[in-house]
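# Summary of the model geometry
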Amino acid sequence: MVLDTQSVHAAAGVPSGTTGRDAGKKVPGRKRGLAVDVLGLVIAVVALAASAHENTAGIALLDKIDAREAALTCEAEHTRARIDELTARLHELDQAIDHLRITRKTLVSLAEDDTEPATPPPSMPDHSAYQQILTVFADVDRPLRARDLCQALDLPIVSKNTENIRSKLKRLVSRGILVETEPGLFTQPRPSPSSRPPDQPASSNPNDERGINSRTTL
């Protein structure tokens, strides 16, 4: 930043109370002060009587710069708060969409007729990273977060990697390959109890076991 002043002649109709004489430059009129950046762009301007000291112009320019900086800082803080608010809202919307998809999938599965052919398994995205993610889930057999997968895949735990993994997990959830049991916690869906074969009932005839043994002996 550069501060500079220049004394200039004032017009004939300018009130004498706002003008003066620059003792150094011998110029009657007004003194204007400029603050510019390294590119020469004007940051602040003040106009004083030519008799005003250089320090007075400098102090006035610095006061204007301080006021401008405070205003920009306040605006930046407000913008950051707004960004945080929008980010939180976006996360809530993503959760609501995921819950609706899970609900729809559950209702469709309940409405399906047992005689209908089984639906094909969910399609896996082409990228090999998705298979690596599912391999980690199969090995640990427990719910995982994006940070856990970064550790398991030997990726640096930085925001870029965790957001990339979280995006892939969300895509697997949308295809029904994974489920999000709570915000940010993912796991493989468990088979429902109805899909397991029913247990064989115990025999009520105490002679059945002896009869089986006897037939085996024969």
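Residues numbered from 1 in each chain as written. Predicted model: local features only at pLDDT ≥ 70, side-chain atom pairs only at ≥ 80, totals over all residues. Heavy atoms only, no water.

## Examining the overall build of the protein
Counting its secondary structure elements, the protein contains five helices and six strands. For the protein, the α and β elements follow one another from N to C terminus as β-β-β-β-α-α-α-α-β-β-α. Within the span of the protein, comprising 218 residues, buried residues form 22% of the whole. Partitioning the intrachain contacts of the protein with sequence separation of at least 6 by distance along the chain shows that 43% fall at a separation of at least 24. Of the roughly 16,000 Å² of accessible surface on the protein, a fraction of 56% belongs to carbon and sulfur atoms. (Helix = DSSP H or I, 4+ residues; strand = E, 2+ residues; numbered from the N terminus. Buried < 20%, exposed > 50% of the residue type's maximum accessible area, 1.4 Å probe, protein only. Contact = heavy atoms within 4.5 Å. Areas by Shrake-Rupley, 256 points an atom, 1.4 Å probe, with all protein chains shown as cover.)

## Remarks on the nonpolar core
In this structure, Ile-133, Phe-137, Leu-149, Ile-165, Leu-169, Leu-172 and Leu-178 are the most contacted members of the largest nonpolar core, which totals 16 residues. Considering every element that reaches this core, the biggest residue donor is helix α2 (residues 128–140), with five residues. (Core = buried A, V, L, I, M, F, W, Y, C linked by side-chain atoms within 4.5 Å.)

## Looking at the environment of His-127
With respect to the helices, strands and loops of the structure, His-127 is situated in the loop between α1 (54–111) and α2. Distance from His-127 to Lys-168, taken between C-alpha atoms, is 10.0 Å for residues 41 residues apart in sequence. Looking at His-127, its side chain comes within polar contact range of the main-chain nitrogen of Ala-129, at 3.0 Å. (Polar contact = N/O pair within 3.5 Å; in protein donor to acceptor, adjacent residues only side chain to side chain.)

## Notes on a nonpolar patch on the surface
There is a patch of nonpolar side chains on the surface, built from Leu-34, Val-42 and Val-45 and spanning about 230 Å² of accessible area. Along the chain, the position of Val-45 falls in strand β4 (residues 42–49). (Patch = residues over 30% accessible without salt bridge, like charges linked within 9 Å, V, L, I, M, F, W, Y side chains within 5 Å. Salt bridge = Lys/Arg side-chain N within 4 Å of Asp/Glu carboxyl O.)

## Concerning the side chain of Thr-162
By secondary structure assignment, the location of Thr-162 is in helix α4 (residues 159–174). Under the relative-accessibility criterion, Thr-162 is labelled buried at 13%. When neighbours within four sequence positions are excluded, Thr-162 is seen to be in contact with Ala-146, Arg-147, Cys-150 and Ile-157.

## Looking at the pattern of salt bridges
Taken as a whole and assessed by the stated rule, the structure comprises seven salt bridges. The salt bridge partner of Arg-82 is Glu-85, with a shortest N-O separation of 3.1 Å. Remark: Glu-85 and Arg-82 occur in helix α1; sequence separation between them is three residues, near one turn of the helix. A single network of salt bridges, built from pairs that share partners, joins Asp-98, Arg-101, Lys-170 and Glu-180.

## With respect to unusual backbone geometry
Its identity is not glycine, yet Asp-141 carries a phi of approximately 55°, on the positive side. Relative to the helices and strands, Asp-141 resides in the loop between α2 and α3 (146–152). In this model, Asp-154 sits at a positive phi of 60°, which is unusual for a non-glycine residue.

## A closer look at the environment of Phe-186
With respect to the helices and strands, the residue Phe-186 is situated in strand β6 (residues 185–187). Distance in space between the C-alpha atoms of Phe-186 and Leu-169 is 7.4 Å, their sequence separation being 17 residues. Excluding anything up to four places from it in sequence, Phe-186 contacts Phe-137, Pro-143, Leu-144, Leu-169, Lys-170, Val-173, Val-179 and Glu-180.

## Side note on the environment of Tyr-130
Tracing the sequence through the fold places Tyr-130 in helix α2. Sequence-wise, Tyr-130 and Arg-171 are 41 residues apart; in three dimensions their C-alpha atoms are separated by 9.5 Å. Contacts of Tyr-130, omitting those with residues within four sequence positions, involve Met-124, Pro-125, Lys-168, Arg-171 and Leu-172.

## Quick word on the packing of aromatic side chains
Applying the stated criterion across every chain, the model contains zero aromatic pairs. The cationic tip of Lys-168 hangs over the ring face of Tyr-130; the distance from NZ or CZ to the ring centre is 5.8 Å. (Phe/Tyr/Trp six-rings, centres within 6.5 Å; stacked < 30°, edge-to-face > 60°. Lys NZ or Arg CZ within 6 Å of the ring centre and 35° of its normal.)

## Overview of the pairing of β4
Consecutive side chains along a regular strand alternate between the two faces of the sheet. Summarising the sheet, strand β3 (residues 27–36) and β4 pair through seven bridges and their orientation is antiparallel. Residue pairing across strands places Ala-35 opposite Ala-44, the latter belonging to β4. Remark: five residues form the turn of the hairpin made by β3 and β4, two consecutive strands paired antiparallel; Gly-40 in that turn has positive phi of roughly 90°. (Pairing = 2+ DSSP bridges.)

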